[in-house]
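Residue-level structural notes
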Amino acid sequence: MEEPEKKIEKPAGAEKESTGESTSALPDIATIIAEEIKAVEGEAAVAAASDSGPPPEPDKPLKRRPVWLHLIILFFQILFLTPLYAAILVGAVGAGVGWHYFDGSAELDLGLVARPEIGALVKDAKGIEIGRAGSMNRLLITREDIPPHFVDALIAAEDQRFFVHPGFDPVGSFRAALANLRSEAIKEGGSTLTQQLARDVYRLEGKNIDRKLSEIAAAVRIEEVYSKDEILVHYLNRIYFGSGFYGLGSAARGYFGKKASELTVDESALICGVIPSPSRYSPFVSTVRAKENRDQTLRRMLETGKLSAADFDRYLAMETKVASSREDSLERGQISYLIARIERELREEIATWPEAPESLDGYTIETSADLAAQQTSAKAIDKHLVTLAAAEEKDPLEAAFVLIENATGQIVVSIGSHDYQRSEYDRTVEMKRPPGSAFLPFLYAAAYENPPFTPSTILLDAPFDNREMGLGAVGGILGEWSTENPANRWEGQITAAEALTKSKNSPSARLGQLVGLERLRRVARAAGINSELREMPGSLLGASEVSLTELTRAYTVFSNGGTPAPAPRLIREIRDASGKVVARPSANAPARALKESTARSVASALPGVSAVPGARGKSGTTPTFTDAWHFGFSETHTWGLWIGRDRFSPIRPLAFGSEIAQPLAETLAAGVVAPSPVATSSAP
């Protein structure tokens, strides 16, 4: 028999060889993946067969995979699996970190969220209520007091997913980060309303990641205990709305003179627009920025479907007018300023106690402030500045005034900004400027403390080369070190007492060179001037910067016979809820700074103050007319006034302190020494 013809199988690729195709061409990805699947299936079949019996004999020896195939497979494993592994790893780490912070927040007192502090009652020297310290002068509201359109505006502006997120919102945070990236500026915040509430309740400050994670954990805890409506109420009772207004109730009354329930849609949008930066977006600070943010809030209400296109256009065209009269604004501003300054003192005082109280509710703080004089003085300053120059948006004229008791250092009037609702910067203590010729009394006191100088010492009043003092004065007026008067006359030889009386800068400069800066430093420091007198000749004549409060205190050495008043303060005593006195803050009695004869000699050489019988005073001007000062003292009180611009630009040409500051300072001082009008209390 003929044997059957054997079919010879061609090796893979033989067909390609017969057609002339190259054998070096790599197979496509689909073919590789298919072969891999077959290989895996074959291995599985072999494994199964091994369990049931001896393995079959292979038809041919197993092939090893080419290196290039291993590399391709490895590449796709890295490409598709590494992100998955990374995501799993990141998720695990994130979950661990999140649990750490969430577990750490378990000890938070969640009851604090619903207990905004009432704070300590603050009274002025006459027993009139100023406000409350520690509570930020809030007017508490309920859910019924919040108009629905205000909620719409708030959610649209601050937290569009508020009613669905669990306290934090990754989607909102990503959206805010993307918007900020596109605008290359911080336009949106990533914190939810609940996070902002947690930040306020638990005093979570700073911008680091630890604070942010603590804030998120606290927010989640709050959401577990309180409903969304409750969170809204607690949030709106706490948040700061600028210009001294804490809480929606206070903001509605302060900005619009009405209850929160009476707010209109455009008013609600304006208030919500203040939240991102209250000190910049308050309508009392900038009407332009306030309107821009109002319009942005209205636009978001349109985008979220809370406003129709017609209503949006109508509200956009409206002028949202803020509150009442200028006088009311000034009165409220000074109340807010006094509360802020008293709270700073209170924090410093409580820091010295063995144990700080959990709450100031029920406490009473008695102060030396005269609220009526404070408000009246602010109005007088405002009127005076308007008379000097029209309101300028970019660099307006500012003023600061302080009046203290000579014996105790207690502050009766302190005005750090003539309109606190526009500027919260306290220029009585935070600002330092060169006092110019207002510093001359201390130069003469330093001279009289060191023989042979006396009030009878002869000094030369003649042209003086300003380059020797280096003050950069304006040529032709102070450049030759004349008096505070453009019509100066050189008088030749005069006594030191006469040179001080007439504020003669030329003889004062010559005296300063003889006395020396070190002697002047000792006298200034003993009088209460803690700011350093810089190592330059001009410091002899007031070129080094000092604060208004420290220089006012230093002037008390002349009325107190050589001993300065204790460090100025507002708080007289603090009582707890039972009425017990728990603190009487008092500075240590300072040591004598000058001989009594020196103090008397300087005081008698200073000009009299016509508005306050028996008082003496000294004005001051800086050489470039950027600062105008006046200081004065009577037997019982000492005061100081500064007028200038925050950006160090000139007040105006020939702005001498004797003309710009002295008349106003004397009027303000006379208003305190004489009976004052009835104050306007902040009590609702």
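Placed above this text is the structure.
Residues numbered from 1 in each chain as written. Predicted model: local features only at pLDDT ≥ 70, side-chain atom pairs only at ≥ 80, totals over all residues. Heavy atoms only, no water.

Sheet architecture is open: five strands sit in the order β2-β1-β3-β10-β11, paired in mixed fashion. A strand with exactly one partner marks an edge of an open sheet, and here the two such strands are β2 (129-133) and β11 (581-583). Taking each pair of neighbouring strands and ignoring which way they run, the sheet shows an average axis angle of 30°. Bridge count for strand β10 (residues 571-575) against β11 is two bridges, and the pairing is antiparallel. Among the inter-strand pairings, I574 is bridged to a residue of β11, identified as A583. Sitting on the sheet, helix α14 (residues 326-350) is in contact with β1 (120-123), β2, β3 (364-367), β10 and β11, with an inclination near 50° to β2. (Pairing = 2+ DSSP bridges. Helix = DSSP H or I, 4+ residues; strand = E, 2+ residues; numbered from the N terminus. Axes fitted to C-alpha atoms, helices over the stretch in contact; angles between N-to-C directions. Contact = heavy atoms within 4.5 Å.)

The sheet built from five strands is open, its strands ordered β5-β4-β14-β13-β12 with antiparallel pairing. Looking at strand neighbours, the two that pair on one side only are β5 (411-415) and β12 (616-621), the edges of this open sheet. Strand after strand, the sheet turns through a mean of 10° between neighbouring axes, direction not considered. Relative to strand β13 (residues 627-633), β12 runs antiparallel, the two being bridged by six bridges. Across the sheet, the residue bridging to S619 is H630, located in β13. Relative to the sheet, helix α15 (residues 371-388) contacts β4 (397-405), β5 and β14 (637-645), its axis offset from that of β5 by approximately 35°.

A few words now on the nonpolar core. In this structure, I365, F442, Y444, L551 and F558 are the most contacted members of the largest nonpolar core, which totals 74 residues. When neighbours within four sequence positions are excluded, L551 is seen to be in contact with P435, F439, F442, I529, V546 and F631. Y202, Y255, A269 and V274 belong to the second-largest nonpolar core, a separate cluster that totals 49 residues. (Core = buried A, V, L, I, M, F, W, Y, C linked by side-chain atoms within 4.5 Å. Buried < 20%, exposed > 50% of the residue type's maximum accessible area, 1.4 Å probe, protein only.)

Before going further, it helps to examine the packing of helix α6 (residues 193-201) against helix α7 (residues 209-225). The N-to-C vectors of α6 and α7 enclose an angle of 105°; their axes lie 8 Å apart at closest approach. By the angle class used here, α6 and α7 are roughly perpendicular. Along its contact with α6, which presents T194, Q195, L197, A198 and R199, the element α7 presents R211, K212, E215, I216, A218, A219, I222 and E223. Of the residues belonging to the contact of α6 with α7, the class tally is six nonpolar, two polar and five charged. (Parallel < 35°, antiparallel > 145°, perpendicular 65-115°, else oblique. Nonpolar A, V, L, I, M, F, W, Y, C, P; charged D, E, K, R; others polar.)

Taking burial as the measure, the nine residues of β4 include nine buried ones, the bulk of the element. Burial along β4 is two-sided: L397, A399, F401, L403 and E405 facing one way and E398, A400, V402 and I404 facing the other are all buried. In this structure, β4 lies alongside β14, joined through nine bridges in antiparallel fashion. Looking across to β14, one finds that L403 is bridged to W639. Where β4 and β5 come together, four bridges link them in antiparallel fashion. Its bridge partner being in β5, L403 is matched across the sheet by V413. Taken together, β4 and the strand that follows it, β5, pair antiparallel across an intervening segment of five residues, in which G409 is found at a positive phi of about 80°.

Our next topic: the packing of aromatic side chains. Using the criterion set out here, one finds 16 aromatic pairs in the structure. Arranged with centres 5.7 Å apart and planes meeting at 65°, the rings of Y337 and Y420 form a pair that is edge-to-face. Highlighted residues: Y337 in helix α14 and Y420 in the loop between β5 and β6 (432-433), separated in sequence by 83 residues. Each member of the pair, Y337 as well as Y420, carries the same accessibility label: buried. Stacked on the ring of F162, the Lys or Arg K228 has its end atom at 4.5 Å from the ring centre. R433 extends its terminal NZ or CZ atom over the ring of F648, reaching a point 3.7 Å from the ring centre. (Phe/Tyr/Trp six-rings, centres within 6.5 Å; stacked < 30°, edge-to-face > 60°. Lys NZ or Arg CZ within 6 Å of the ring centre and 35° of its normal.)

Let us now look at the pattern of salt bridges. This structure, assessed with the given rule, holds 31 salt bridges. Across the pair K126 and D370 runs a salt bridge whose closest N-O atoms are separated by 3.5 Å. Within this pair, whereas K126 is found in the loop between β1 and β2, its partner D370 is found in the loop between β3 and α15, the two being separated by 244 residues in sequence. Residue class for D370 comes out buried when judged on its relative accessible area of 8%. With a closest N to O distance of 2.8 Å, R572 and E405 form a salt bridge. Of the two residues, R572 sits in strand β10 while E405 sits in strand β4, which places them 167 residues apart along the sequence. Through salt bridges with shared partners, one network takes in D461, E491, E498, K502 and K504. (Salt bridge = Lys/Arg side-chain N within 4 Å of Asp/Glu carboxyl O.)

Another aspect to go through is the side chain of T622. Within the secondary structure layout, T622 lies in the loop between β12 and β13. Polar contacts involving the side chain of T622 include one to the main-chain amide nitrogen of D627, which spans 3.0 Å. (Polar contact = N/O pair within 3.5 Å; in protein donor to acceptor, adjacent residues only side chain to side chain.)

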